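Fold and contact review
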Amino acid sequence: MGKARRRFRRGRSPARAVALAGASIVGAGLLTACGTDGGMKINVYYSPEDNFQSVVDNCNRQANGRYEIVYNKLPRGADGQREQMVRRLAAGDESLDVLGLDVTWVPEFAEAGWIDEWTGADKAEAERDVLPGPLTTAQWNGKLYAAPKNTNVQLLWYDERITPTPPRTWDDMIRMSRDLKAQGKPYQILFTGAQYEGLVVLYNSLVESAGGRIISDDGQSVVMDAGAVRALEILKEVSSTGLTDPSLTNQKEDEVRLAMQEGRGAFELNWPFVYASYAAEKPEELQHFKWAPYPGVGSGPGRSTIGGFDLAVSAHSQHKPEAFEAALCLRSPENQKFSALKDGVPPTVESVYTDTTPLDPSKPADPENNPTMATEYPMREAILEALKNAGVRPLTPAYQNLSTVMSKVLSPPSDIDPQSTAEQLRTQLTDALDSRGVIP
């Protein structure tokens, strides 16, 4: 199965050093910079990723001495990552050059004036062959403020021995769960029900699948339309009728994964990292662990909410041309493929999904030592299709406030009263939007 499969990253956004050859940066020859003799450092602040230093080393070779990229590891938790960058950017710290932003942070950082817009050749290269969903996360007010580095999307996971044909919609899944329960078989519908961002992601995916909106497209006002109310109805039904795990309100991604592996679930809504874990911990049963598109609401297809990271350039950077060049290299198609195969972070560039060459093209493919996208991402076609129709969390500088409000109001899901909960969300989300200041 290969050790690399154990390193699939979760929704946020998540070994051997193998040199990649042939990566190119559009317009790199037009950029000028002093060499490392002058001590130019391009500081990259990014979340912990096992093999990201190898990507940095590769880009430093391409820089050929004009500058040196330095990888500064942020805390592992998303809140700690954001807090460290926010405090330093608010103080005008000039030592930050390239920033690794969770996909929900771009509007906030752009509105605060902390990151620069991407323009010209840099913008064209950052957008080239990028899937539309991930690209949307890097934009604000019609402008590009970051380059999508990696993405993520949830799928429906199931055991083919229990349900040979997976459900197409939430209604199908609920009906099948009830039938399985009556037959004394594993029946639970497993998802992240704890009071945190995972619950918000689930609700947003339901809203998107129902064709609804939580806030307006411009991020200025609360909508909470019929689709948003329908999502509340589904969340209430599935969590209050004995179809979920009794520990739902304590379940995050890992707890959901374990419940499925322990045979308690019939259906699991989770990120692709679960496949790697299943392969490592239950290899003898892996052939029965299958995936399907995120379930829809009504007649439309399901729309899973995107995760991942974008790379932005600090407005305080003293080396902006080199910072843009470095960011482009760090998320080039070649380096995205490397990160996908070594750290399990799904690419944002569409062509990487259909790349048939092994990690080291000069050697024969080997699932253990020289993997391909086919061996490491057997579900890559499903991921790609999901990304083409993915949902995005509400785009607003106040997203952190909105997320806190939603996770609190939606918890516990079994207590939801669709109409009154919708009204409560309208009121509290409006208050959150009106608080325009950035909260560190």
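All figures in this text were calculated on a predicted structure; none of them were measured in a lab. In this numbering scheme, every chain counts its residues from 1 along its sequence in written order. Two thresholds apply to this predicted model, a pLDDT of at least 70 for residue-level local features and 80 or more for giving and counting side-chain atom pairs, whereas whole-chain, interface and lining totals are computed over all residues. Water and hydrogen atoms play no part in the side-chain values, which are based on all heavy atoms of the structure.

When pLDDT is averaged along the chain, the result is 91; 90% of the residues meet or exceed 70. Here residues 1–7 is modelled with pLDDT under 50, and outside its nearest four sequence neighbours on either side it reaches 25 contacts, counting other chains as well. pLDDT is a residue-level measure of predictor confidence that goes from 0 to 100. For this analysis, residues touch if any pair of their heavy atoms sits within 4.5 Å. Note that pLDDT drops below 50 for residues 436–440; the model gives that stretch 10 contacts with residues more than four away or on any other chain.

To continue, consider the packing of aromatic side chains. Whether two aromatic rings pair depends on their centres lying within 6.5 Å, for rings of Phe, Tyr and Trp, where Trp uses its six-membered ring; planes under 30 degrees apart make the pair stacked, over 60 edge-to-face, and the rest tilted. As enumerated under the stated definition, the model contains 11 aromatic pairs in all. A centroid spacing of 5.3 Å and a plane angle of 15° characterise the contact between Trp157 and Phe289, whose relative ring orientation is stacked. One end of the pair, Trp157, is in strand E7 (residues 155–159); the other, Phe289, is in strand E10 (residues 289–292), and 132 residues separate them in sequence. A single burial state applies to Trp157 and to Phe289, both of which are buried. What links up through ring pairs into an aromatic cluster is the set Trp157, Tyr275, Tyr278, Phe289 and Trp291. The ring centre of Tyr196 lies 4.9 Å from the NZ or CZ of Lys252, which sits over that ring. Helix and strand definitions follow DSSP, with helices as H or I runs of at least four residues and strands as E runs of at least two, each counted in order from the N terminus. Per-residue accessibility, obtained with a 1.4 Å probe over protein chains only, is compared with the maximum for each type, and a residue is labelled buried under 20%, exposed over 50%, and partly exposed between these values. Any Lys NZ or Arg CZ that is within 6 Å of a ring centre and within 35 degrees of that ring's normal is treated as a charge sitting over the ring.

Every case where a carboxyl oxygen of Asp or Glu lies within 4 Å of a side-chain nitrogen of Lys or Arg is listed as a salt bridge. Under the criterion given, the structure shown has 28 salt bridges. One salt bridge connects Lys41 with Glu68, and the closest N-O pair in it is separated by 2.5 Å. Placement of the pair is Lys41 in strand E1 (residues 41–46) and Glu68 in strand E2 (residues 68–73), with a sequence separation of 27 residues. Residue Lys41 is classed as partly exposed on the basis of its relative accessible area of 37%. For the salt bridge of Asp116 with Lys320, the shortest nitrogen-to-oxygen distance reads 2.7 Å. Taken together, the positions of Asp116 in the loop between helix H3 (106–111) and helix H4 (120–127) and Lys320 in helix H11 (residues 320–330) put the pair 204 residues apart, joining distant regions of the chain. On the basis of relative accessible area, Lys320 is assigned to the partly exposed category, the value being 25%. When salt bridges with common partners are traced through the structure, they connect Asp159, Arg161, Lys282 and Glu285 into a single cluster.

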